[in-house]
Amino acid sequence: MLGGVRVTLAVQALLSSLINGSVYVLIGIGIVLCYRSSRVVNLAQGETYSISGLLTAKLVGFGLPLVAASVCGVVAATAGSLLFERLALRSRLHWNPRRLIIVALGVALLAEGIFLLLVGADTYTFPAFLSGPSVHIGGGAISQQGILLVVLAFAASGGLAWFFRYTLLGHAMTACAENPSASAALGVNVARMRQISYGLAGMLGGVTALLLVPLGGASYSVGLNITLNGFVAAAFANMTHPGRVLWGGMALGIGEGYIGAYVNPLYEVPLVFGVVLLIGVVYLSRGVRFGGALRA
């Protein structure tokens, strides 16, 4: 009996962790998209999640059908990301990247203040798109909405990795990030490539909210919390590889889940963040000898 309980706990921790990890993956991919196109660490990426989740919840509360409210939420998240790039970043891209990080953080804090004024400190939610019975696997259970979220994380990670490697538009977006002047000289619209990246990032944040908010709710301050987790996943991928974000985000989510289940929930963040970042540093430094010299 005790062994069965332990197996059930392990499976349930894994299934719950996959949902959390998927959120980190999707937010991390958005951060990578922004960084690849502008070399800016977008600490305001989580606010696209907040815009979509809070607006959808309020519109549903006003009586708008769920589908229509969801479309409005995703459109608002996408528009917010595009406006952030156009108004806050475009004229400042010549600044030192460290200053631009502060700009992004300032926008995130401003957005949370506006959300607090508009919707208050309550937690909001709305009905799930898939409300059928949970799927039972090995003694654990995961909701149909949770499965959809996990599938989206894998699909977005793999799809964008393929997009950047094999498509002309993906190569153009990468070239614009690495050398904007040379890309512009070759006829590439650098600003448009950057807007496409930020638009995709905003849309991903908005869709993530549609799938997660019915499972856990959303409040005015949720944006920066999930941005931090997404940033760790993106940093694990060297801020440039959408495919690697998948492994960093899932490692973070699964680590948190098992430490919370078997050790202590208070240790989730410091222990897992430290281990995942350490693994990322070791991985990225594998071509560097002790003392800083490059390996042959």
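Anything mentioned here points back to the structure above.
Remember, predicted model here, so these are calculated numbers, not experimental data.

What is the right way to read the packing of helix α6 (residues 168-178) against helix α8 (residues 190-216) from this model?
In helix packing, the relevant descriptors are the interaxial angle and the interaxial distance, both defined with respect to the helix axes. Contact geometry for α6 and α8: axes closest at 9 Å, N-to-C directions at 110 degrees. With respect to α8, the element α6 is oriented roughly perpendicular. Residue-level inspection shows L169, A172, M173 and C176 of α6 in contact with α8, the latter providing V190, M193, I196 and S197. When the residues that make up the contact of α6 with α8 are grouped by side-chain class, the tally is 7 nonpolar, 1 polar and no charged.

Just checking my understanding: could you explain the pattern of salt bridges for this structure?
Between side chains of opposite charge, pairing is possible as soon as their charged atoms come close. Overall, the coordinates contain 2 salt bridges when judged by the stated rule. A salt bridge links R90 to E85, with the nearest nitrogen and oxygen atoms 3.0 Å apart. Judged by its relative accessible area of 24%, R90 is partly exposed. The class for E85 is buried, based on a relative accessible area of 0%. Connected through shared salt-bridge partners, E85, R90 and R194 make up one network.

Mind showing me how you'd approach the environment of C176 here?
If you trace the backbone, C176 turns up in helix α6. Along the backbone, C176 and R194 are 18 residues apart, and their C-alpha atoms lie at a distance of 8.0 Å. Ignoring anything within four residues of it in the chain, the contact list for C176 reads S183, V188, V190 and M193.

Sorry if this is basic, but what is going on with a nonpolar patch on the surface here?
A surface patch of nonpolar side chains, about 500 Å² in accessible area, is lined by V67, V71, V75, F129, L130 and L148. By residue number, the principal contributor to the nonpolar patch is helix α3 (residues 66-89), which donates 3 residues. Looking at the element boundaries, L130 is found in the loop between α4 (97-119) and β1 (135-137).

Explain the packing of aromatic side chains to me, please; I cannot follow it from the model alone.
Under the criterion given, the structure shown has 3 aromatic pairs. Between W162 and Y166, the aromatic rings sit 6.4 Å apart at their centres with planes inclined by 40 degrees, giving tilted as the arrangement. One end of the pair is W162 and the other is Y166, both in helix α5 (residues 144-166) and 4 residues apart, which spans about a single turn. Both residues of the pair, W162 and Y166, belong to the exposed class. Ring centres of F163 and F164 lie 5.3 Å apart, and the angle between their planes is 70 degrees; this geometry places the pair in the edge-to-face category. Of the two residues examined, F163 and F164, each falls in the buried class. Against the face of F164 rests R36, its NZ or CZ located 3.9 Å from the ring centre. Taking NZ or CZ as reference, R99 lies 4.2 Å from the ring centre of W95, over its face.

What counts as what
Residues numbered from 1 in each chain as written. Predicted model: local features only at pLDDT ≥ 70, side-chain atom pairs only at ≥ 80, totals over all residues. Heavy atoms only, no water. Axes fitted to C-alpha atoms, helices over the stretch in contact; angles between N-to-C directions. Helix = DSSP H or I, 4+ residues; strand = E, 2+ residues; numbered from the N terminus. Parallel < 35°, antiparallel > 145°, perpendicular 65-115°, else oblique. Contact = heavy atoms within 4.5 Å. Nonpolar A, V, L, I, M, F, W, Y, C, P; charged D, E, K, R; others polar. Salt bridge = Lys/Arg side-chain N within 4 Å of Asp/Glu carboxyl O. Buried < 20%, exposed > 50% of the residue type's maximum accessible area, 1.4 Å probe, protein only. Patch = residues over 30% accessible without salt bridge, like charges linked within 9 Å, V, L, I, M, F, W, Y side chains within 5 Å. Areas by Shrake-Rupley, 256 points an atom, 1.4 Å probe, with all protein chains shown as cover. Phe/Tyr/Trp six-rings, centres within 6.5 Å; stacked < 30°, edge-to-face > 60°. Lys NZ or Arg CZ within 6 Å of the ring centre and 35° of its normal.

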